[in-house]
Amino acid sequence: MSNKQIKIGTRDSELALWQAKKVAKELQSFGYSTVLLPVKSTGDLNLDEPLYEMGITGIFTKTLDVALIKGEIDIAVHSMKDVPTHLPKGVVEAAVLPRADVSDLLIHKGEDFLNQEQATIATGSLRRKAQWLNKYPSHQVVNLRGNVNTRMQKLQDNNWNGAIFAAAGLERINLKPENNLVLDWMIPAPAQGAMLVVCMENNDYCKAALANLNHAETETCVHIEREFLQTLEGGCTAPIGALAEFKDEKIHFKGALFSLDGKQKIEVEKMVTPTEAAQLGKNCANEILANGGKKLMKEIKKVLK
Ligand SMILES: NCc1[nH]cc(CCC(=O)O)c1CC(=O)O
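These numbers were taken from a predicted model, which means no experiment stands behind them.

Calculation criteria
- Residues numbered from 1 in each chain as written.
- Predicted model: local features only at pLDDT ≥ 70, side-chain atom pairs only at ≥ 80, totals over all residues.
- Helix = DSSP H or I, 4+ residues; strand = E, 2+ residues; numbered from the N terminus.
- Rg over C-alpha atoms; globule rule 2.2 N^0.38 Å.
- Pairing = 2+ DSSP bridges.
- Axes fitted to C-alpha atoms, helices over the stretch in contact; angles between N-to-C directions.
- Contact = placed C-beta atoms within 7 Å.
- Near = placed C-beta within 6 Å.
- Domains from an automatic or database assignment.
- Buried ≥ 20, exposed ≤ 12 C-beta atoms within 10 Å, placed from the backbone.
- Arc of directions from axis to C-beta.
- Parallel < 35°, antiparallel > 145°, perpendicular 65-115°, else oblique.
- Left-handed = near helix turned anticlockwise from the far one by under 90°.
- pLDDT = per-residue confidence, 0-100.
- Right-handed = clockwise from strand over helix to strand, strands pointing away.

(A) Focus on the overall build of the protein chain. Across its full length, the protein chain holds nine helices and 13 strands. In summary, the protein chain has a C-alpha radius of gyration of 19 Å against a globular reference of 19 Å for 305 residues, a match within 12%. By principal-axis analysis of the C-alpha atoms, the protein chain measures approximately 65 × 45 × 40 Å.

Here is the structure:
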């Protein structure tokens, strides 16, 4: 093995840096030398506008993709749920790291409000908003954008009852407050809690290095979830949740599409053997599309575009 230094591109938020450092440490444990190159991404800049109104699916990944294609970095580390299902030409998935906690958490200022008619919850995610309103139809959901640290600060500065975060993100940067409620009924985003490392298809050195980091079980699960997402949405950011998990030698899948106001929920749940994994995401999405999902997706796309 040569000691060629692997240039790791990362966004510059605390969570992104933690994830990139994790990949650096793992590569070093296999004898590779690395250097971190933080890149400012557009996802952190436009804080007033909801993501979906910016109409860009790859908002978090665009800057790193450009750096990768230009050869300024060798590999890029992403939260996999932020990565569009279609990678740019020439860019390949080189490793999916073992998945962390997949759940969403409500960070709150006292849980009493859950029994009340009126309450205000903050989130910038259509998926979380729709699921919250589905369960608590009389509550109000306000938009909350920014990286994890920014959102936590905004929650403190406002009189909202709570805000929703991915457990994985809070745990990684040691920011999980005591007043957290695990939303075990909420279906996570496809690939939530998983990290993806990408590189250029022709970069055999990095592909070989990163193969050491890949976690096959996580890879299988997130591919099912992302195939479900891709089959349903076709390039728009609809309120979609999906989770595949290995349970007793079987794969358990749960996925759902919601209307933006949370009033409609079309859900599918299946248990299959691992040999059936390849078609699972697609089959489940097609079931939802046939079950009213096609009409609902049309309505959602009309509003979001
Ligand atoms: N969209 C932002 C984002 N992308 C990945 C994570 C956390 C890590 C993960 O879920 O994998 C977060 C923060 C959050 O959703 O609260």
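Next, the rest of the story.
(B) Main features of the sheet that holds strand β8 (residues 162-166). Taken in spatial order, the five strands of this open sheet run β7-β6-β8-β5-β9, and their pairing is mixed. Because the sheet does not close on itself, it has two edges, and the strands there are β7 (140-142) and β9 (180-182). Between one strand axis and the next, the sheet turns through 30 degrees on average, direction left out of account. Where strand β5 (residues 104-108) meets β9, three bridges bridge the pair, whose relative direction is antiparallel. Paired with Ile-107 across the strands is Asn-180, a residue of β9. Running at roughly 170 degrees to β7, helix α4 (residues 126-135) makes contact with β5, β6 (120-122), β7 and β8 of the sheet. The strands touched by helix α5 (residues 148-157) within the sheet are β5, β6 and β8, with β8 carrying the most contacts at an inclination of about 165 degrees.

(C) Structural detail: the site of the ligand. Taken together, the neighbourhood of the ligand is formed by Ser-79, Lys-81, Asp-82, Val-148, Phe-165, Ala-166, Ala-168, Gly-169, Gln-192 and Gly-193. Elements with a minimum of two residues in the shell around the ligand: β8 and α6 (167-172). Split by domain, the residues of the shell around the ligand number at least three in each of domain 1 (5-97 + 193-214) and domain 2 (104-182).

(D) Fine view of the environment of Gln-230. With respect to the helices and strands, Gln-230 occurs in helix α8 (residues 216-233). Taking the C-alpha atoms as reference points, Gln-230 and Thr-85, separated by 145 residues in sequence, lie 6.2 Å from one another.

(E) How the structure looks around helix α3 (residues 62-70). Leu-64, Asp-65 and Leu-68 are the residues of α3 that are buried. Down the axis of α3, the buried side of the element spans an arc of 105 degrees, and every buried residue falls inside it. Just beyond α3, the residue with positive phi is Gly-71, at close to 85 degrees.

(F) Main features of the packing of α8 against helix α9 (residues 277-304). The contact between α8 and α9 brings their axes to 8 Å, and the two run at 30 degrees. As far as their axial angle goes, α9 and α8 are roughly parallel. Between α8 and α9 lies a crossing of right-handed hand. Along its contact with α8, which presents Thr-220, Ile-224, Glu-225, Glu-227, Phe-228, Thr-231, Leu-232 and Glu-233, the element α9 presents Ala-277, Leu-280, Gly-281, Lys-282, Cys-284, Ala-285, Asn-286, Ile-288, Leu-289, Gly-293 and Met-297.

(G) Representation of the confidence of the model for the protein chain. Mean pLDDT for the protein chain: 93, with 93% of residues reaching 70 or above. For residues 43-47, every residue scores under 50 in pLDDT, and the model assigns this stretch seven contacts once sequence neighbours within four places are set aside.

(H) The pairing of strand β3 (residues 75-79), seen in detail. Burial analysis of β3 places five of its five residues in the buried class, which makes it a mostly covered element. One ladder, built from two bridges, connects strand β1 (residues 5-11) with β3; its direction is parallel. Directly across from Ile-8, in β3, lies its bridge partner Ile-75. Inspection of the sheet shows β3 paired to strand β10 (residues 195-200) by five bridges, in the antiparallel sense. Among the inter-strand pairings, His-78 is bridged to a residue of β10, identified as Leu-196.

(I) Seen up close, the environment of His-215. Tracing the chain through its elements places His-215 in the loop between α7 (204-211) and α8. With 117 residues separating them in the primary sequence, His-215 and Pro-98 have C-alpha atoms 5.3 Å apart. Leaving out residues up to four positions away in the same chain, His-215 has contacts with Val-96, Leu-97 and Pro-98.

(J) Local environment of the pairing of strand β2 (residues 33-39). Taken together, the seven bridges between β1 and β2 define a ladder with parallel strand orientation. Bridge pairing in β2 places Ile-6 opposite Thr-34. What joins β1 to β2 is helix α1 (residues 14-29), and the crossover it makes is right-handed.

(K) Looking closely at the sheet that holds β10. Here we have five strands laid out as an open sheet, ordered β2-β1-β3-β10-β4, and mixed in their pairing. Single-partner strands in this sheet number two, and they are β2 and β4 (91-96). Neighbour to neighbour, the strand axes of the sheet diverge by 30 degrees on average, direction disregarded. Examined bridge by bridge, β4 and β10 share five bridges and lie antiparallel to one another. Note that in β10 the partner of Val-92 across the bridge is Cys-199.

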